[in-house]
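Close look at the chain arrangement
Take a look at the letters that make up each chain.
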Number of protein chains: 2
Amino acid sequence: MALLVVGSVAFDSIETPYGREENILGGAATYFAVTASWFTHVRVVAVVGDDFGDEHLKVFRSRGIDTQGLDRAPGKTFRWSGEYIGDMNEARTLETQLNVFESFSPKIPPSYLDGEYVFLANIHPALQLHVREQLPRTRLVGLDTMNYWIKGTPDELRKALAAVDVLVINEGEARMLAEESNLRRAAAVVRRMGPRMLVIKRGEHGVTLFSESSIFSAPAYPLEKVSDPTGAGDTFAGGFMGHLARTRDLSEANLRRAVVYGSTMASFAVEDFGLRRLLRLTEGEIAARYREFKELTHFDA
Amino acid sequence: MALLVVGSVAFDSIETPYGREENILGGAATYFAVTASWFTHVRVVAVVGDDFGDEHLKVFRSRGIDTQGLDRAPGKTFRWSGEYIGDMNEARTLETQLNVFESFSPKIPPSYLDGEYVFLANIHPALQLHVREQLPRTRLVGLDTMNYWIKGTPDELRKALAAVDVLVINEGEARMLAEESNLRRAAAVVRRMGPRMLVIKRGEHGVTLFSESSIFSAPAYPLEKVSDPTGAGDTFAGGFMGHLARTRDLSEANLRRAVVYGSTMASFAVEDFGLRRLLRLTEGEIAARYREFKELTHFDA
């Protein structure tokens, strides 16, 4: 089943203790789409500038991603530069150039309007709601957001949240959104805002899913080396939504599998800079690491 | 099988967002012993002062704990006061009065010398080693330590580590001890120092066990309210070691169960101030929460 993602395509300049890369293809929609392409057919709605060339388009095409919704606008593509230091748990943004992303107005191609699985990556909540309202046949709509919108556009964010099924968000942002430091209570507050499922991304501490009937905690995969954490959250979301779109099964058991597939994909993403590891994966590697997650967490009752 | 703990008995004054208690019975050996008493027969070696009365002794006795090793010295019992603010992940120490604990020299009663299961709670590493050397028949020796000894007495700590089987330590302290920020690499460094098993306590993020053959991650139980985190780490250790002493089974599968029993007990401890919740537990509650941990982490392969 096709999975639509709406979000940013960017060129990133990244420095970590393990190296430095300039102007490599990134952005939330890109990480999401490349990841989800391992699970299902992916459609993307984003805006790029004149500097987005055939070599970049080929990255999407190589993964069979539908790029009809990739809008080309005059000007430069969104650029972000940042660095990770110490425990690498948080990026320090050095520079953000919104460029064509500043006036991004998502246009849904007619062929996308039958979409049932949709992910609204981190953009202005009014745009997220606008996209969501154009898609009448959805089965599952996911949304990501960030502190900037939680603080800056709370009313628009509330409207967007009321219209989605699952919120995928960082731990600190969940606390900020709920104005509640206890995570379990924060989850209850957020779920009352609309999304019946809440997925809290906790970085190196894993992921917790709060759904209608239960709580599920998955650890992060304990990697010996994290080369570049950029895109890990969007990669998680791509694996999570990708598995759900592939299986068309929203049961509790399958939501849990989706969390582990998301964690599996994120554990690969951070092993190398940018999209590199995600582009040279194999189905066998994904299956093997999923099994490693089982081994990592299993105990007898 | 009897389980011996050597460590502190203290009177704690604690303030959290949920209340304040003055001079309540605490200390690492106390939390450990009361917890482990739910699993096996417990012996304690510690020092107390003149202010340690019958009402305090009764707490140990009520749990069937052998207090032959409880040394009474002239002076006052160790006192600690601290507060927890914000996310309550770390205590801020307001005052420490070592009192009789300052010259603590652990004396092992002859009847304890056959001990096979031993936990050396957080005291001077030279004392930990001294105790360990008096016990020739051990099957499993656990040790806890802290930043104070890692920085202050590294040589003594190295000797103690070389003589134990399992180190139970906080995440930040594991990184400090190994001088390595990546947790998986830090674990490898620490295991080369002696302990063949390493249990890393991650507070609200759970526990990770690094053993000879594998890594096991367990989440913390997502509580709606944490009243008082004091003693959570020692409670974890009491459940972990208690289960192992009860079952006399050091297989990988049973080590994992022990981690979950430790996490189960810690999740109870923090629900109320001091030892209160640990003293009014039932076997049924322990079994039910263990099952909840299974439900919290289970997914299909």
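Our subject is the structure listed above.
Bear in mind the structure is a predicted one, so any value in this text is a computation, not a measurement.

**Observations regarding the packing of aromatic side chains**
Inspection of the entire model under this criterion finds 24 aromatic pairs over all chains. Three or more aromatic residues joined by ring pairs form one cluster here, namely Phe-39, Phe-216, Tyr-261 and Tyr-290 of chain A together with Phe-299 of chain B. Here the basic side chain of Arg-246 of chain B rests over the ring of Tyr-261 of chain B, its NZ or CZ set 5.3 Å away from the ring centre. The aromatic ring of Phe-299 of chain A is capped on one face by Lys-294 of chain B, whose charged end is 4.6 Å from the ring centroid.

**Digging into the pattern of salt bridges**
All names here are of chain A. One pass over the structure, following the stated rule, counts 50 salt bridges over all chains. With its nearest N and O atoms 3.1 Å apart, the salt bridge here joins Arg-248 to Glu-116. One end of the pair, Arg-248, is in the loop between α8 (232–247) and α9 (252–269); the other, Glu-116, is in the loop between β7 (91–97) and β8 (117–120), and 132 residues separate them in sequence. For Arg-248, a relative accessible area of 38% corresponds to the partly exposed category. Because the salt bridges share partners, they merge into one network encompassing Glu-21, Asp-272, Arg-276 and Arg-280.

**A word on the relation of the copies chain B and chain A**
Relating the two copies of this chain is a rotation about some axis coupled with a shift parallel to it. Overlaying chain B with chain A gives an RMSD of 0.0 Å, the required rotation being 180° about an axis along which the chain moves by 0.0 Å. What we have between these two chains is a two-fold relation. Among all residues of chain B, the one whose C-alpha sits closest to the rotation axis is His-205 of chain B, at a distance of 3.0 Å. A share of 100% of interface residues in chain B that are also interface residues in chain A marks the association as one of identical surfaces.

**Some remarks on the interface of chain B and chain A**
In this assembly, 35 residues from chain B lie in contact with 35 residues from chain A. Of the roughly 3,300 Å² buried between chain B and chain A on both sides combined, carbon and sulfur atoms contribute 47%. At the junction of chain B and chain A, the tally comes to eight salt bridges. Of all the secondary structure elements, the ones that give two or more residues to the side of chain B that touches chain A are α6 (171–178), α7 (183–192), β13 (215–218), α9 (252–269) and α11 (283–297) of chain B.

**Considering the sheet that holds strand β5 (residues 66–72) of chain A**
Residue and element names in this part refer to chain A. If you walk across this open sheet you meet the nine strands as β5-β4-β1-β8-β9-β10-β11-β12-β13, and the pairing is mixed. This sheet does not close on itself; its edge strands, each paired only once, are β5 and β13 (215–218). Ignoring strand direction, the axes of neighbouring strands in this sheet form an average angle of 15°. Contacts from helix α2 (residues 54–62) reach β4 (42–48) and β5, with the element oriented near 155° to β5. Packing against the sheet, α8 makes contact with β1 (3–6), β8, β9 (140–143), β10 (166–170), β11 (197–201) and β12 (207–210), and its axis sits at approximately 165° to β8.

**As for α9 of chain A**
Here α9 of chain A contains 18 residues, and its C-alpha end-to-end distance of 26 Å stays within 8% of the 26 Å for a straight helix at 1.5 Å per residue. Taking burial as the measure, the 18 residues of α9 of chain A include 15 buried ones, the bulk of the element.

**Some details on the sheet that holds strand β6 (residues 78–84) of chain A**
Note on sheets: strands pair through backbone hydrogen bonds, and any given pair is parallel or antiparallel. Residues and elements named next belong to chain A. On the basis of which strands lie adjacent, the open sheet formed by four strands has the order β3-β2-β6-β7 and mixed pairing. Each edge of the sheet is formed by a strand with only one pairing partner; in this case those strands are β3 (19–26) and β7. In this sheet, neighbouring strand axes are inclined to one another by 15° on average, regardless of whether the strands run parallel or antiparallel. For β6 and β7, the ladder comprises six bridges, and the chain directions are antiparallel. The residue of β7 that forms the bridge with Trp-80 is Thr-96.

**Considering unusual backbone geometry**
All names here are of chain B. The residue Asn-99 is not glycine, and still its phi comes out positive at about 50°. With respect to the element layout, Asn-99 can be found in the loop between β7 (91–97) and β8 (117–120). Residue Asn-99 is classed as partly exposed on the basis of its relative accessible area, which comes to 26%. In the Ramachandran plot, Arg-248 falls in the positive-phi region, its phi being about 50° despite a non-glycine side chain.

Conventions used here
Residues numbered from 1 in each chain as written. Chains lettered and ligands numbered in written order. Predicted model: local features only at pLDDT ≥ 70, side-chain atom pairs only at ≥ 80, totals over all residues. Heavy atoms only, no water. Phe/Tyr/Trp six-rings, centres within 6.5 Å; stacked < 30°, edge-to-face > 60°. Lys NZ or Arg CZ within 6 Å of the ring centre and 35° of its normal. Salt bridge = Lys/Arg side-chain N within 4 Å of Asp/Glu carboxyl O. Helix = DSSP H or I, 4+ residues; strand = E, 2+ residues; numbered from the N terminus. Buried < 20%, exposed > 50% of the residue type's maximum accessible area, 1.4 Å probe, protein only. Least-squares fit on C-alpha atoms with pLDDT ≥ 70 in both. Contact = heavy atoms within 4.5 Å. Buried area = accessible area lost by both parts, 1.4 Å probe. Pairing = 2+ DSSP bridges. Axes fitted to C-alpha atoms, helices over the stretch in contact; angles between N-to-C directions. Expected span 1.5 Å × (residues − 1).

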